[in-house]
Amino acid sequence: MMFSADGMFLPKPRLFKRQSFNFLASFHPQKSAPKPPHLPLLADKCTSMNQLKQIHAQMIVSDRIHDDYAASRIISFCALSDSGDLNYALKVFNTTRAPNSFMFNTMIRAQASSSNPFEAIILYIKMRKLGLIPGKYTFPFVLKACINCCSLNPSKQIHADVVKFGLELDMYIVNGLIRCYCICGDMGAARKLFEEVPEWKLLIWTAIISGYARNFCSNEALALFDQMLGQGVEPDAATLSSVLSACARSGSLEMGKQVHVYIKEKRIEVGLILGTALVDMYAKNGEISVARSLFDKMAERNTASWNAMICGLAVHGHAEEAFRLFQEMQKAKIAPNYVTFVGVLSACCHAGLLEVGKEIFLSMKRVYGIEPGIEHYGCMVNLLGRGGKLAEAEELINGMLCEPDIVVLGALLGACKDH
DNA sequence: AGATATCCCC
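Going by an unreviewed UniProt entry, chain A carries the name Pentacotripeptide-repeat region of PRORP domain-containing protein and comes from Papaver somniferum.

Now the structure itself:
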């Protein structure tokens, strides 16, 4: 390959100069007998959009762009490669006269994990209207789009299509369907699919276990995990993070510890997510020092990792430490989110820090652009009420965007009784 | 003549 180190073919691309196609020229070693380069294959060898655009230009000039295979290679690179460009892929796709199912699959796959997953569903509908047959490389991605959109209705429609096209036994597709139903909270539908799977691969176990864990059905999640181990299936990091989440929420410290031992024994890599799950499990179960030492050892931490530790400290009465960690989090330039402030404000509640709490509460929207939710109001009413500021607490409740719940009103009533 | 999936914090 003749690519230069910076991925550019030329020091500086100049319009209308022969050199502009230097890269392509490099595939004509003999001037006497120039052999046309195989453009579609060349598209696969690109490492940058710059290179791809030159090949695309050549395809247009030589009229090869109307060749299905050639256009597919261009779309595939732009849509899926790391150095691609989804908008460019869309432009090429939209100007293709008769996109085939490979192109649709590629675009659906790319759009499913984009910021506009719904576009993938729209593409799927277009594909069906054109009479193209969706296949095993269509459904996993359109289902992923459903998961990222969090919408149940198209999932049912797509489920019907899966059956219609006879693909209900494809592991990747069943996995997608189960996850769809789990995300939408329809554990009944998810379980039914799970029971019908002919062979329970790890993938499927993980889908159903994480579904139960995410929907706060910790006992079902742990029971299925037991069943899975009983069948000799070995869990991986993804399975174990869901199991740890179930242990965290159900107070199953012993089970959580066993999982930790298993991770050590099997030398499973503890990355960001599994690390966070461990910290959360120990923190929620009151093993703050274990949680803390694991947290400190993490090579990478995201907002969720900090949240697990901060909330754990706050709930177990270590308000000062929770604050200190919140400050460290900001120093580390990790953006706090909604959950972070639930932790920080509940630390204020535990420590009775009214003024600090007020300041943080106001900063939520002003500094971080996060609209306070019911949990944050709950903390504030609690703080104001305990400080005897009943009128202020009532005023705060009246100004809420959401309806006050039992926690908020209970905090106010309790304060009224005390004062 | 072409490719696939999962997980954490409320």
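What follows continues from the structure just given.
(A) Local environment of the packing of helix α3 (residues 49-61) against helix α4 (residues 68-80). At a closest axis distance of 11 Å, the pairing of α3 and α4 adopts a crossing angle of 160°. The angle between α3 and α4 places the two elements in the roughly antiparallel class. Both α3 and α4 take part in a crossing whose hand is left-handed. Contact with α3, carried on its side by Met49, Leu52, Ile55, His56 and Met59, involves Ala70, Ile74, Phe77 and Cys78 of α4 and no other residues of that element.

(B) Seen up close, the protein's contact with DNA strand B. Taken together, 30 residues lie around DNA strand B, and Tyr69, Ser72, Tyr172, Arg179 and Leu203 are the ones closest in. For DNA strand B, the backbone makes up 46% of the atoms found within 4 Å of the protein, where backbone means sugar plus phosphate. Here a base nitrogen of DNA strand B and a side-chain polar atom of Ser72 are 2.5 Å apart. Only α4, α6 (101-112), α8 (139-149), α10 (171-183), α12 (202-214), α14 (237-250), α16 (272-284) and α18 (303-315) provide two or more residues apiece to the surface near DNA strand B. No other element matches the 5 residues that α14 contributes to the surface near DNA strand B.

(C) Summary view of the UniProt feature "repeat: PPR" (unreviewed entry) in chain A. The UniProt record marks residues 100-134, 201-235, 236-270 and 302-336 with the feature "repeat: PPR" (unreviewed entry), using the residue numbering of this structure. Secondary structure across residues 201-235 comprises 74% helix and 0% strand; the distance between its end C-alpha atoms is 10 Å.

(D) Examining α4 more closely. Here α4 spans 18 Å end to end across 13 residues, near enough to the 18 Å set by a 1.5 Å rise per residue. Counting buried residues along α4, 10 of its 13 residues qualify, which places the element largely inside the surrounding structure. Those residues of α4 that fall on the buried side of the exposure criterion are Ala70, Ala71, Ser72, Arg73, Ile74, Ile75, Ser76, Phe77, Cys78 and Ala79.

(E) Quick look at the environment of Phe139. Relative to the helices and strands, Phe139 is located in helix α8. For Phe139, a relative accessible area of 0% gives the class buried. In sequence terms Phe139 and Asp161 are 22 residues apart; their C-alpha atoms lie 9.1 Å from each other.

(F) Structural view of the pattern of salt bridges. Across all of its chains, the model carries 15 salt bridges by this definition. In this structure, Glu355 engages Lys358 in a salt bridge whose closest nitrogen and oxygen atoms are separated by 4.0 Å. With a gap of 3 residues between them, Glu355 and Lys358 both fall in helix α21 (residues 354-368), about one helical turn apart. Owing to a relative accessible area of 52%, Glu355 belongs among the exposed residues under this scheme. A salt bridge links Glu392 to Lys358, with the nearest nitrogen and oxygen atoms 3.1 Å apart. Note that Glu392 is positioned in helix α23 (residues 390-398) and Lys358 in helix α21, a separation of 34 residues in sequence.

(G) Up close: a positive patch on the surface. Together, Arg109, Lys144, Arg179, Arg214 and Arg249 line one region of the surface with positive charge. Here Arg109 is to be found in helix α6.

(H) Expanded view of the side chain of Asn307. Counting through the fold element by element, Asn307 comes out in helix α18. A residue is classified by how much of its surface remains accessible, and Asn307, at 7% relative accessible area, is buried. Discounting residues that sit within four places of it in the chain, Asn307 has contacts with Gly312, Met329, Asn337, Val339 and Thr340.

(I) Looking closely at the state of the cysteines. Enumeration over the complete set of coordinates arrives at 0 disulfides. Between Cys217, a free cysteine, and Cys182, which holds the nearest cysteine sulfur, the sulfur-to-sulfur gap is 9.6 Å. The thiol of Cys416 is not disulfide-bonded; the next cysteine sulfur, from Cys349, is found 16 Å away. Taking relative accessible area as the criterion, Cys416 reaches 40% and is therefore assigned partly exposed.

Calculation criteria
- Residues numbered from 1 in each chain as written.
- Chains lettered and ligands numbered in written order.
- Predicted model: local features only at pLDDT ≥ 70, side-chain atom pairs only at ≥ 80, totals over all residues.
- Heavy atoms only, no water.
- Axes fitted to C-alpha atoms, helices over the stretch in contact; angles between N-to-C directions.
- Helix = DSSP H or I, 4+ residues; strand = E, 2+ residues; numbered from the N terminus.
- Parallel < 35°, antiparallel > 145°, perpendicular 65-115°, else oblique.
- Left-handed = near helix turned anticlockwise from the far one by under 90°.
- Contact = heavy atoms within 4.5 Å.
- Near = heavy atom within 4 Å.
- Polar contact = N/O pair within 3.5 Å; in protein donor to acceptor, adjacent residues only side chain to side chain.
- UniProt positions renumbered as here; feature names shortened; annotations may be inferred.
- Expected span 1.5 Å × (residues − 1).
- Buried < 20%, exposed > 50% of the residue type's maximum accessible area, 1.4 Å probe, protein only.
- Salt bridge = Lys/Arg side-chain N within 4 Å of Asp/Glu carboxyl O.
- Patch = residues over 30% accessible without salt bridge, like charges linked within 9 Å, V, L, I, M, F, W, Y side chains within 5 Å.
- Areas by Shrake-Rupley, 256 points an atom, 1.4 Å probe, with all protein chains shown as cover.
- Lys, Arg positive; Asp, Glu negative; His and termini not counted.
- Charge placed at Lys NZ, Arg CZ, Asp CG, Glu CD.
- Disulfide = S-S within 2.5 Å.

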